[in-house]
Amino acid sequence: MPLLNFTVIRGRTSEQVRQLLDSAHRAVVDAFGVPERDRYQIVDVREPDDVVALDTGLGFERSDRLVIIEVVSRRRTAEQKQRFYELLAENLHRDCGLDATDLIVAITENGDADWSFGAGRAQFVTGELT
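Overview of the structure. Just so we're clear, the structure is a prediction, and the values are computed from it rather than from any experiment. (Residues numbered from 1 in each chain as written. Predicted model: local features only at pLDDT ≥ 70, side-chain atom pairs only at ≥ 80, totals over all residues. Heavy atoms only, no water.)

**A word on the pairing of strand 3 (residues 67–74)**
Here is step 1: Where strand 1 (residues 3–9) and strand 3 come together, six bridges link them in antiparallel fashion. For Leu-4, the partnering residue across the bridge sits in strand 3 and is Val-71.
Here is step 2: Direction of pairing for strand 3 relative to strand 4 (residues 103–110): parallel, over a ladder of eight bridges. Paired with Ser-73 across the two strands is Glu-109, which belongs to strand 4. (Pairing = 2+ DSSP bridges. Helix = DSSP H or I, 4+ residues; strand = E, 2+ residues; numbered from the N terminus.)

**What to know about the sheet that holds strand 4**
Here is step 1: Pairing is mixed across the open sheet formed by four strands, whose spatial order is 2-1-3-4. In this open sheet, the two edge strands, each paired with only one partner strand, are strand 2 (40–46) and strand 4. Across this sheet, the average inter-strand angle for adjacent strands is 15 degrees, counted without regard to direction.
Here is step 2: Against the sheet, helix 1 (residues 14–32) contacts strand 1, strand 2, strand 3 and strand 4, and its axis sits at roughly 145 degrees relative to strand 1.
Here is step 3: Lying over the sheet, helix 2 (residues 78–96) contacts strand 3 and strand 4, oriented at roughly 145 degrees with respect to strand 4. (Axes fitted to C-alpha atoms, helices over the stretch in contact; angles between N-to-C directions. Contact = heavy atoms within 4.5 Å.)

**Section: the pairing of strand 2**
Here is step 1: As paired elements, strand 1 and strand 2 share seven bridges and run parallel to each other. Bridge pairing in strand 2 links Asn-5 to Ile-42.
Here is step 2: Handedness of the crossover joining strand 1 and strand 2 through helix 1 is recorded here as right-handed. (Right-handed = clockwise from strand over helix to strand, strands pointing away.)

**Observations concerning the environment of Arg-121**
Here is step 1: Relative to the assigned elements, Arg-121 resides in the loop between strand 4 and helix 3 (123–126).
Here is step 2: Each residue touching Arg-121, except ones within four places of it in the same chain, is listed here: Trp-115, Ser-116, Thr-126 and Glu-128.

**Notes on helix 1**
Here is step 1: The terminal C-alpha atoms of helix 1, which comprises 19 residues, lie 27 Å apart, in line with the 27 Å expected from a rise of 1.5 Å per residue.
Here is step 2: Within helix 1, the full set of buried residues consists of Val-17, Leu-20, Leu-21, Ser-23, Ala-24, His-25, Ala-27, Val-28, Val-29, Ala-31 and Phe-32.
Here is step 3: Against strand 1, strand 2, strand 3, helix 2 and strand 4 lie the buried residues of helix 1.
Here is step 4: Positive phi shows up at Gly-33, right after helix 1, with a value of about 70 degrees. (Expected span 1.5 Å × (residues − 1). Buried < 20%, exposed > 50% of the residue type's maximum accessible area, 1.4 Å probe, protein only.)

Listed below in structure tokens is the structure:
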């Protein structure tokens, strides 16, 4: 936890996708302080015409390297989120050559009872996880 859903446009190799996931995971670990093995990621590959992502009036030009990341997480502070955005942009630029204007992130928060990691239990509620 958190759960990251990546939407990318078709054209990346499996190695490029793996680098994207690894770089994003490092940002999660560093910004949110989660354990290294706390990793849940899903990749959704789309055709270029399946994704519309304008700039909300900010003047960004998007490319076909666009990455949209939806994060579902327990509550995080504004400082943790800002640090995550910064680390994510830095890591993806350094490791994947991704321009920061080709990165969109949305975080949705939920509570402890909203997670089950298996075995039919909510491990944050039962105390198996903290």
